[in-house]
Amino acid sequence: MSHLADQHILVGITGGIAAYKSAELVRRLGDQGAQVQVIMTDAAKAFIAPLTLQALSGRPVRDTLLDPEAESGMGHIELGRWADTVLVAPASADFIARLAVGLASDLLSTVCLATPAPVYLAPAMNQEMWRKPTTQRNLATLEADGITVLGPASGMQACGDDGPGRMLEPEQLINSISGPQVRGALEGMRVMITAGPTWEALDPVRGLSNHSSGKMGYAVATAARSAGASVDLISGPVTLPPPRDIKIQKVQTAQQMLAAVEKGVSKCDIFIGVAAVVDYRPIQTAASKIKKDAQTLTVELVRNPDILAQVAHRPNAPFTVGFAAETDHAIEYGRQKLQSKGLDLIAVNQVGGEDSPFGSDNNQLTLIGPHDEVDLGLDSKAVLAAQLVEEIARRYHEKSST
Ligand code: C5P
């Protein structure tokens, strides 16, 4: 049975050409057994007729905040309470801006403010509008407040531009909201996650690091929290807002990351190493800035501890999951790492070329366990993180019952 069966899903539609995809979204939600209530903004009605959504959802579309007739039935507060999940798709730049400042200027923004249910936004807009600092600032504010942003995807846009701003496909949106969060697959469990890069200082201003943005690790932390786990996130230097309801500890170096992990790992049931730990650190860090007088400079490096392998080899080790980013032979090297590091599961991706996952909102993952391989394909990091958490929960329970 689908996770969405009998769930109350409130679908908000705002003004944008992607609104045509919302019809398919509503139909597919209905197919999964969800009960769907659509709320449209005035701008949305310029793109798609309310009658279409009424026919597909089996309920009259709601669109007015101060409608005495509707308010005497299910008013805006009741609508917010009715919803198990709110999904705004498409979410326009204007709607995102209104939500970010807490405006309750129409029915949809008011319900988003009034609901205790998780709110998901699927932005869709022109790539310039998406890239504008104002839009990014508004989204960061909403994410820090606990709203989940799904996508957008990159590609050709209705306006002829090519870039980020395409709404995710209905199937991707449904996967995102129907993940383990609905089920509480990790209820009562403690999960520790490392994320982001580490920074190994050469001197007070320079250092060795890598391109990791922390987005995958933060998405896994959010998905594990949504699945009911209590989450300890140990993060290298990233610019992401701290996810809600998650204990976060910021570190710089691999040695600091290891110390933070060692402090709490004995209490955790599951450990997920997503961090891109820098493999070597300078043996010495210069106390003051290194001057560029000499033509050559030799820096001696020493291997950093392998945090993941150390966790996996502990007595009474938690269920241990690693990540591997490889430029070639990704699956083969992934399988070798699963063995050599002593892991229960490894998530492998191919890096390099045009689709590098570093900094991107998308990724492509294959999961390798001791006896099988599951290709999760290319998707948003939020969708992949939910699928990964679901796989981890299933395998963890299987392992503990044998
Ligand atoms: O060996 P490699 O760096 O490819 O392994 C990647 C996996 O190991 C990731 O899960 C990463 O978080 C973890 N790792 C670690 N400590 C290191 C190197 C990698 O925890 N020093």
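Residues numbered from 1 in each chain as written. Predicted model: local features only at pLDDT ≥ 70, side-chain atom pairs only at ≥ 80, totals over all residues. Heavy atoms only, no water.

1. Topic: the site of the ligand
Taken together, 13 residues surround the ligand, and among them Gly273, Ala275, Pro305, Lys337 and Lys341 come closest. Leu308 places a main-chain nitrogen or oxygen 2.9 Å from an oxygen atom of the ligand. In the model, an oxygen atom of the ligand is placed 2.3 Å from a nitrogen or oxygen of the Lys337 side chain. Among the elements of the structure, helix H12 (307-312), strand E16 (319-326) and helix H13 (330-341) are those that each provide at least two residues to the shell around the ligand. (Near = heavy atom within 4 Å. Polar contact = N/O pair within 3.5 Å; in protein donor to acceptor, adjacent residues only side chain to side chain. Helix = DSSP H or I, 4+ residues; strand = E, 2+ residues; numbered from the N terminus.)

2. Things to note about the pairing of strand E11 (residues 230-235)
Most of E11 is tucked away: 5 of the 6 residues are buried. The pairing of E11 with strand E12 (residues 247-250) spans 4 bridges and is classified as parallel. In the strand pairing of E12, Ile234 is matched with Gln249. (Buried < 20%, exposed > 50% of the residue type's maximum accessible area, 1.4 Å probe, protein only. Pairing = 2+ DSSP bridges.)

3. Notes on the sheet that holds strand E13 (residues 270-273)
If you trace the 8 strands from one edge of the open sheet to the other, you get E12-E11-E8-E13-E16-E17-E18-E19, paired in mixed fashion. The sheet terminates laterally at E12 and strand E19 (373-380), the two strands that pair on one side only. Strand-to-strand twist across the sheet, computed as the mean angle between neighbouring axes with direction ignored, equals 15°. With 4 bridges connecting them, E13 and E16 associate as parallel partners. Bridge pairing in E16 links Ile272 to Val321. Where helix H14 (residues 381-400) meets the sheet, it contacts E13, E16, strand E17 (345-350), strand E18 (362-368) and E19, and its direction lies at approximately 155° from that of E19. (Axes fitted to C-alpha atoms, helices over the stretch in contact; angles between N-to-C directions. Contact = heavy atoms within 4.5 Å.)

4. Quick notes on the packing of helix H1 (residues 19-31) against helix H2 (residues 50-57)
H2 packs onto H1 with a crossing angle of 15° between their chain directions and a minimal axis gap of 9 Å. With respect to H2, the element H1 is oriented roughly parallel. The element H1 and its partner H2 pack so that their crossing is right-handed. The segment H1 lies against H2, with Ser22, Ala23, Val26 and Arg27 engaging Thr52, Leu53, Leu56 and Ser57. (Parallel < 35°, antiparallel > 145°, perpendicular 65-115°, else oblique. Left-handed = near helix turned anticlockwise from the far one by under 90°.)

5. Side note on a nonpolar patch on the surface
A cluster of nonpolar side chains, contributed by Tyr280, Leu297, Val299 and Leu301, occupies part of the molecular surface with about 360 Å² of accessible area. Tracing the backbone through its elements, the reader meets Tyr280 in strand E14 (residues 280-282). (Patch = residues over 30% accessible without salt bridge, like charges linked within 9 Å, V, L, I, M, F, W, Y side chains within 5 Å. Areas by Shrake-Rupley, 256 points an atom, 1.4 Å probe, with all protein chains shown as cover. Salt bridge = Lys/Arg side-chain N within 4 Å of Asp/Glu carboxyl O.)

6. Considering the packing of aromatic side chains
Counted by the stated rule, this structure contains 1 aromatic pair. When the ring of Phe319 is compared with that of Tyr396, the centres are 6.1 Å apart and the planes differ by 75°; the resulting orientation is edge-to-face. Residue Phe319 is found in strand E16, and its partner Tyr396 is found in helix H14; the two are separated by 77 residues along the sequence. Classification of Tyr396 by relative accessible area gives buried; the value is 18%. (Phe/Tyr/Trp six-rings, centres within 6.5 Å; stacked < 30°, edge-to-face > 60°.)

7. Things to note about the packing of helix H10 (residues 215-226) against H14
Here H10 crosses H14 at 50°, and the two axes come no closer than 8 Å. In terms of axis orientation, H10 runs oblique to H14. As H10 runs across H14, the sense of the crossing is right-handed. From H10, Lys215, Met216, Ala219, Val220, Ala223 and Ala224 reach across to H14, where they touch Lys381, Ala382, Leu384, Ala385, Ala386, Leu388 and Val389. Residue composition of the contact of H10 with H14, by class: 11 nonpolar, no polar and 2 charged. (Nonpolar A, V, L, I, M, F, W, Y, C, P; charged D, E, K, R; others polar.)

8. Quick word on the side chain of Ser57
Tracing the chain through its elements places Ser57 in helix H2. Overall, the relative accessible area of 14% leaves Ser57 in the buried class. Only 3.2 Å separates the side chain of Ser57 from the backbone oxygen of Arg59, close enough to count as a polar contact. Setting aside anything within four residues of it in sequence, one finds Ser57 in contact with Val26, Val36 and Val38.

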